[in-house]
Amino acid sequence: MFDHNFENLNKHDLYIKSKQVSSPKEKIKCLERITEIDSDDAYAWHQLGNLFASFNEIKSKHCWNISIQKYKGRIEMFKDDAQKFQKDPSHLHQMDIESSDVIYEIGKRFFCLGQVYENLKQYSLAVNAFKKAFEIKPTATNCLYYIGKSLYSDEKYEESEQYLLQFAKKHESYQVHFLLGSIYWKTDYVDDALTEFWKCIE
């Protein structure tokens, strides 16, 4: 049952509550309260956009656009923090981050930024953000899939194929086989397309 006294909860508890409740309306209430507490919380705006997407396109785009500005602002703050950290390692304790792995934190923001751009169908910007996330943290190989996916949506099939094949070498995924099959189908490589579609079923 949703706690109607959620106004008294802090950000951390509101995020927990938003995952516990099942109703989109209740999740939205939690996330909107988070943005009231911290209007710079990019992730809350991001998730609000995702929730509104199924029934209110205007609100979803509004929230996603705000999240872009907040993610960009946070990335700039990281750059400033990095300079201060180089001069004084104790500055780490003053940084508002979830992990002491600053590289991970920056990469995560670029990845989220890519997701929002993809939601807004700004595919070239999405590709650039995902590439930046992967450049920062090369072990985040899921970026390869999302780069390929955004390139596919942008009808850049040859480049998309390259990234999807790189991802397929590291991970087995029916989504990758489906996208590769779709690329081959659109580019008239019918036999290759059928091979990839069969892999989806297998």
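Before reading further, recall that the structure is shown in the block above.
It should be emphasised that the depicted structure is a prediction, and the values quoted were computed from it without experimental measurement.

Draft legend 1. Here's a closer look at the packing of aromatic side chains. Inspection of every chain in the model, using the stated rule, returns nine aromatic pairs. Here the aromatic rings of Tyr 15 and Tyr 43 are separated by 6.0 Å at their centres, their planes lie at 45°, and the arrangement is tilted. Highlighted residues: Tyr 15 in helix H1 (residues 11-20) and Tyr 43 in helix H3 (residues 42-52), separated in sequence by 28 residues. For Tyr 15, a relative accessible area of 17% puts it in the buried group. Consider the rings of Tyr 145 and Phe 167, whose centres lie 5.7 Å apart with planes at 50°: the pair is tilted. On the criterion of sequence distance, the pair formed by Tyr 145 in helix H7 (residues 142-153) and Phe 167 in helix H8 (residues 157-170) is long-range, its members being 22 residues apart.

Draft legend 2. Looking closely at the pattern of salt bridges. Under the criterion given, the structure shown has twelve salt bridges. Its salt-bridge partner being Glu 57, residue Lys 61 comes within 3.0 Å of it at the nearest N-O pair. Of this pair, Lys 61 and Glu 57 are both found in helix H4 (residues 57-87), four residues apart, which corresponds to roughly one turn of the helix. The exposed category is assigned to Glu 57, whose relative accessible area is 51%.

Parameters and conventions
Residues numbered from 1 in each chain as written. Predicted model: local features only at pLDDT ≥ 70, side-chain atom pairs only at ≥ 80, totals over all residues. Heavy atoms only, no water. Phe/Tyr/Trp six-rings, centres within 6.5 Å; stacked < 30°, edge-to-face > 60°. Helix = DSSP H or I, 4+ residues; strand = E, 2+ residues; numbered from the N terminus. Buried < 20%, exposed > 50% of the residue type's maximum accessible area, 1.4 Å probe, protein only. Salt bridge = Lys/Arg side-chain N within 4 Å of Asp/Glu carboxyl O.

Nothing here speaks to function; it is all geometry.
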